[in-house]
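Secondary and tertiary structure notes
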Amino acid sequence: MEYRHPEIANVAKQLKARLKQTQDKKAVLRAPELLALIERIKTLPVGKRATFGKEVNLLKAELEKLVRESLFPKPSTLTPIDVTAPFDTNLSAEDRPKLLPAENGSRHPLMTELELILDIFARMGFTAVESRELDDDWHMFGSLNFPPGHPARDDYDTFVTDEELVAPAHTSTMQNRVLKAGKKQLDQGQPIAVVIPGRTFRNEDVDASHEHTFYQLEGVYVAKGIHAGNLAATIKAWLSNYYGREIEIKIQPFYFPFTEPSFEFAASCPFCDKKGCSVCKHSGWIELGGCGMIHPNVLKEAGIDAVKYSGFAWGFGIDRLVMLKYGIEDIRHFHSGNLKFLRQFT
Ligand code: DAH
């Protein structure tokens, strides 16, 4: 900016130089030289006042702009920084701190398998409800037709808190809740079709095939006119999907208080097609779990009319399925936290 009045041009030169040197940039706007120029305006004869005043105002505006720019440099002139980075990313490669070596983790094989299983059941029309890790005696036994003192309770010995809560020994502990929640659906003509994955607990003598903590998958299906043939077909369809080949199933009588009749089910060995191998211990079959037609007392406890409706349920261990699939010889690997074991599943 050129100033025609020599006096103003002089002050402009001085103050711009001062702005470059001083720390207190704003002080330039209060400089006595500038104030003196402003005071001078009033004293001038009317004819000169306008042009002089205008130039002083231009100088003031120019100085204000320069002060502003010196205090807040244009963003493009700053080096960008990433405040979320663990170090200043503007540092050169050799000045950067050396990070500890890191590697990606992997999904636990039990969770990978569970997801696969739930996917198949979802396609078959089952919704999933997670089980719980703390429950009460009534849900784990009473609602499932185990009267107090019933000897079958001994098969489900588990951990109990001071407040008499139990770490559930089976996912059947959820049956009453799932049945109650599905009652409305039945009245609307829709079946109850739910699978219940969950962590379960038992007071076991731990060895290669027994753990105190393991996973189960429960299934519950209720509608009008359901019979044991539907149960067998559902398990067969699921297993054939899971192993990607036609699986035969074998069902033999068993006892559970919450089903009548009750069965154990086994699958034809998917690894040797029943010819006999080390996985099926040369029997051609692998035992998988328990199942049966839901006992009328269990339906009644949930407020479901056991004359109008019937259903089936099953429960099996997920750990065992994964062990068979990958040839894992010891169930204790799953909770060992052993990286050598887990890295095989990356
Ligand atoms: N809860 C049983 C167990 O852990 C397994 C089971 C058997 C579940 C039969 C069921 C069933 O739903 O109908 O030993």
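Residues numbered from 1 in each chain as written. Predicted model: local features only at pLDDT ≥ 70, side-chain atom pairs only at ≥ 80, totals over all residues.

**A look at the site of the ligand**
Taken together, H170, S172, E218, F256, T259, G289, G290, C291, G292, A313, W314 and G315 make up the full set of residues adjacent to the ligand. Every element with two or more residues in the shell around the ligand is listed here: β6 (285–294) and β7 (310–317). The residue inventory of the shell around the ligand, partitioned by class, reads 4 nonpolar, 7 polar and 1 charged. (Near = placed C-beta within 6 Å. Helix = DSSP H or I, 4+ residues; strand = E, 2+ residues; numbered from the N terminus. Nonpolar A, V, L, I, M, F, W, Y, C, P; charged D, E, K, R; others polar.)

**Some remarks on helix α6 (residues 175–187)**
For α6, which comprises 13 residues, the first-to-last C-alpha distance of 18 Å matches the rise-based estimate of 18 Å (1.5 Å per residue) to within 8%. If you look at α6, its biggest bend is around 35 degrees, right at A181. Inspection of α6 places Q175, N176, V178, L179 and G182 among the buried residues, and these make up the whole buried set. Summarising the contacts, the buried residues of α6 are in contact with α5 (137–140), β2 (192–201), β3 (213–223), α8 (296–301) and β7. (Expected span 1.5 Å × (residues − 1). Bend = angle between axes of the 7 residues up to and from the residue. Buried ≥ 20, exposed ≤ 12 C-beta atoms within 10 Å, placed from the backbone. Contact = placed C-beta atoms within 7 Å.)

**Examining the sheet that holds strand β5 (residues 259–268)**
Ordered by their spatial adjacency, 7 strands build an open sheet running β1-β2-β3-β7-β6-β5-β4, and the pairing between neighbours is mixed. If you trace the sheet from one side to the other, it starts and ends with β1 (127–128) and β4 (249–254), each paired once. Judged from the 6 bridges that link them, β4 and β5 form a sheet pairing that is antiparallel. When the sheet's bridge partners are listed, F254 is paired in β5 with S262. Against the sheet, α6 makes contact with β2, β3 and β7, and its axis sits at roughly 165 degrees relative to β2, the strand it touches most. Across the sheet, helix α9 (residues 318–326) lies against β3, β6 and β7, angled at about 110 degrees from β3, the strand it touches most. (Pairing = 2+ DSSP bridges. Axes fitted to C-alpha atoms, helices over the stretch in contact; angles between N-to-C directions.)

**Structural notes on the nonpolar core**
With 53 residues, the main nonpolar core has L179, V220, V222, I235 and C291 as its most contacted residues. Residues in contact with V222, not counting those within four places in the same chain, are L179, G182, L186, P191, I192, I294, I304, Y309 and G311. Ranked by size, the runner-up nonpolar core spans 8 residues in total, among them A12, L34, L37 and V56. (Core = buried A, V, L, I, M, F, W, Y, C linked by C-beta atoms within 7 Å.)

**Observations concerning the pairing of β6**
Strand residues, when the strand is regular, have side chains that alternate between the two faces of the sheet. Pairing of β5 with β6 involves 8 bridges; the strand directions are antiparallel. Pairing of S262 across the sheet is with G292, part of β6. Inspection of the sheet shows β6 paired to β7 by 5 bridges, in the antiparallel sense. By the bridge assignment for β7, C291 is matched with W314.

**Observations regarding the packing of helix α1 (residues 6–21) against helix α2 (residues 32–43)**
Relative to each other, α1 and α2 sit at 155 degrees, their axes nearing to 10 Å. Comparing the axis directions of α1 and α2 gives the class roughly antiparallel. Where α1 crosses over α2, the handedness of that crossing is left-handed. Across the interface between the two elements, I8, V11, Q14 and L15 from α1 touch E33, L34 and L37 from α2. Grouping the amino acids of the contact of α1 with α2 by side-chain chemistry returns 5 nonpolar, 1 polar and 1 charged. (Parallel < 35°, antiparallel > 145°, perpendicular 65-115°, else oblique. Left-handed = near helix turned anticlockwise from the far one by under 90°.)

**A closer look at the environment of A167**
Inspection of the secondary structure puts A167 in the loop between α5 and α6. Considered as a pair, A167 and D305 are 138 residues apart in the sequence and their alpha carbons are 30 Å apart. Apart from residues lying up to four places away in sequence, A167 is in contact with E133, L134, T158, F159 and F201.

**Considering the packing of α1 against helix α3 (residues 46–71)**
Two elements in contact, α1 and α3, have axes separated by 11 Å at closest approach and are oriented at 10 degrees. The orientation of α1 with respect to α3, classified from their angle, is roughly parallel. Counted together, I8, V11, A12, L15, K16 and L19 of α1 and E55, V56, L59, L63, L66, V67 and S70 of α3 form the full contact between these two elements. Taken together, the residues of the contact of α1 with α3 break down into 10 nonpolar, 1 polar and 2 charged.

**A closer look at unusual backbone geometry**
E260 connects to P261 through a cis peptide bond whose omega is -5 degrees. If you trace the backbone, P261 turns up in strand β5. Positioned with a positive phi, K281 is a non-glycine residue whose angle comes to about 50 degrees. Examined against the element boundaries, K281 turns out to sit in the loop between β5 and β6. Since 11 C-beta atoms lie within 10 Å of it, K281 is described here as exposed.

**Side note on the domain arrangement of the protein chain**
Here the domain parsing of the protein chain yields domain 1 (6–77) and domain 2 (109–345). Relative to domain 2, the C-alpha centre of domain 1 lies at a distance of 86 Å. (Domains from an automatic or database assignment.)

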